[in-house]
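# Overview (structure and organization)
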Amino acid sequence: MERRNFLKGACSLVLAPATLAFLEACSAESATPKKAVNFSIDLSNSTYAALGTVGGVVLQQGVYIVRTSTGYLALSNVCTHEGCAVTYSSGSGRFVCPCHNGIFDQSGAVVSGPPPSALARYTVNVSGNTLSVS
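Residues numbered from 1 in each chain as written. Predicted model: local features only at pLDDT ≥ 70, side-chain atom pairs only at ≥ 80, totals over all residues. Heavy atoms only, no water.

### Considering the confidence of the model for the protein
Per-residue pLDDT for the protein has a mean of 85; in total, 75% of the residues score no lower than 70. Predicted confidence is poor over residues 15–30, with pLDDT under 50, and the contacts of this stretch with residues over four places away or in other chains come to four contacts. (pLDDT = per-residue confidence, 0-100. Contact = heavy atoms within 4.5 Å.)

### Considerations on the packing of aromatic side chains
What the rule picks out here adds up to two aromatic pairs. Measuring from centroid to centroid gives 4.8 Å for tyrosine 64 and phenylalanine 95, while their planes differ by 55°, and the two rings are tilted. Of the two residues, tyrosine 64 is situated in strand S3 (residues 63–68) and phenylalanine 95 in strand S6 (residues 94–97); the sequence distance between them amounts to 31 residues. Per residue, the accessibility class of tyrosine 64 equals that of phenylalanine 95, and both read buried. Ring plane angle 55° and centroid distance 5.1 Å describe the contact between tyrosine 88 and phenylalanine 95, whose orientation is recorded as tilted. The partly exposed category is assigned to tyrosine 88, whose relative accessible area is 23%. Judged by its relative accessible area of 0%, phenylalanine 95 falls in the buried class. Among the aromatic residues, those joined into a cluster by ring pairs are Tyr64, Tyr88 and Phe95. (Phe/Tyr/Trp six-rings, centres within 6.5 Å; stacked < 30°, edge-to-face > 60°. Helix = DSSP H or I, 4+ residues; strand = E, 2+ residues; numbered from the N terminus. Buried < 20%, exposed > 50% of the residue type's maximum accessible area, 1.4 Å probe, protein only.)

### A word on unusual backbone geometry
For glutamine 61, which is not a glycine, the phi torsion comes out positive at approximately 55°. Structurally, the position occupied by glutamine 61 is in the loop between strand S2 (57–60) and S3. At asparagine 101, a residue that is not glycine, the phi angle is positive and equals roughly 60°. Mapped onto the elements, asparagine 101 comes out in the loop between S6 and strand S7 (102–104).

Structure representation (structure tokens):
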């Protein structure tokens, strides 16, 4: 075997795993993992008055709580594209990622942009005036 052919084959063996790792990191499967949360809020507290109206949204501990017609949703504020913090636009009723203009609707579903998946959801339980997110 010629030295040149040997070196080509050796380089291919070394670079192939690195190339595969890079491609996996950029695939749609690489959504940002959901962080663990566990907190409660008092819905009677005026801080959370927006949740008294359908479409109302508040941000608490990195989680957006959304009042829907059927109850409440709790969504991560972390974009599934590259982990940037999304902001809520009350004018459009959508969550927007400022890094690459990813847009999510009020249920957390991707509307447009590069995010590969919806915003992570958390479990919401309501008992009386206490709303718990985990």
